[in-house]
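Here's the letter readout for the chains.
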Amino acid sequence: MTEHMEGRGKIHFMGTHELQLSGDLAWSEDGETAAVTGCGKMKMVKWLTYPFSEDMTAKKTGGDGSFQCTGGLKSQFGNGSLNAEIDIHADNTFSGHIDLGKGISLPFEGTRTD
């Protein structure tokens, strides 16, 4: 089963910026895990796009429809990726963070729009 996900929110990086998430989840037969493709976009002066890396996966975290995506966000310059975690809550909100290393992370939150 494939599920499409869209979301809009805010990311906190040198101020607060608009964030868009777009992804497709290919759920396993048991419906507990999924491969995730898509991207995150952050608006600085212009929209910057960060594709999900090939290791981005989702896992159900409760019987209420909530799940967590973990994996990487690729640099738009092709020089690696950063670990990210996205929690999709049953009330159609999401939250998460992107790890920059050395204990520093960029938090974000928003609402699922699809």
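From a predicted model like this one, the values you see are computed outputs, not experimental measurements. (Residues numbered from 1 in each chain as written. Predicted model: local features only at pLDDT ≥ 70, side-chain atom pairs only at ≥ 80, totals over all residues. Heavy atoms only, no water.)

In this sheet, strand E2 (residues 16–27) lies alongside strand E1 (residues 2–12) in antiparallel orientation, the contact comprising eleven bridges. Bridging across to E2, His-12 finds its partner in Thr-16. Counted between consecutive antiparallel strands, the loop separating E1 from E2 contains three residues, among which Met-14 sits at a positive phi close to 50°. Relative to strand E9 (residues 104–112), E1 is paired through five bridges, and the arrangement is antiparallel. Counterpart to Gly-7 in the pairing with E9 is Arg-112. (Pairing = 2+ DSSP bridges. Helix = DSSP H or I, 4+ residues; strand = E, 2+ residues; numbered from the N terminus.)

Most often, soluble globular proteins keep nonpolar side chains buried together rather than apart. With 23 residues, the main nonpolar core has Leu-25, Ala-58, Phe-67, Cys-69 and Ile-86 as its most contacted residues. Counting only elements with at least two residues in this core, the list comes to E1, E2, strand E3 (33–43), strand E6 (67–74), strand E7 (81–88), strand E8 (93–101) and E9. No other element matches the four residues that E2 contributes to this core. With residues near it in sequence (within four places) discarded, Cys-69 still touches Leu-25, Val-36, Met-56, Thr-57, Ala-58, Ala-84, Glu-85 and Ile-86. (Core = buried A, V, L, I, M, F, W, Y, C linked by side-chain atoms within 4.5 Å. Buried < 20%, exposed > 50% of the residue type's maximum accessible area, 1.4 Å probe, protein only. Contact = heavy atoms within 4.5 Å.)

Within the secondary structure layout, Gln-68 lies in strand E6. Since its relative accessible area comes to 23%, Gln-68 is described here as partly exposed. With 17 residues separating them along the chain, Gln-68 and Glu-85 place their C-alpha atoms 7.1 Å apart. A distance of 3.2 Å separates polar atoms of two side chains, one belonging to Gln-68 and the other to Glu-85. (Polar contact = N/O pair within 3.5 Å; in protein donor to acceptor, adjacent residues only side chain to side chain.)

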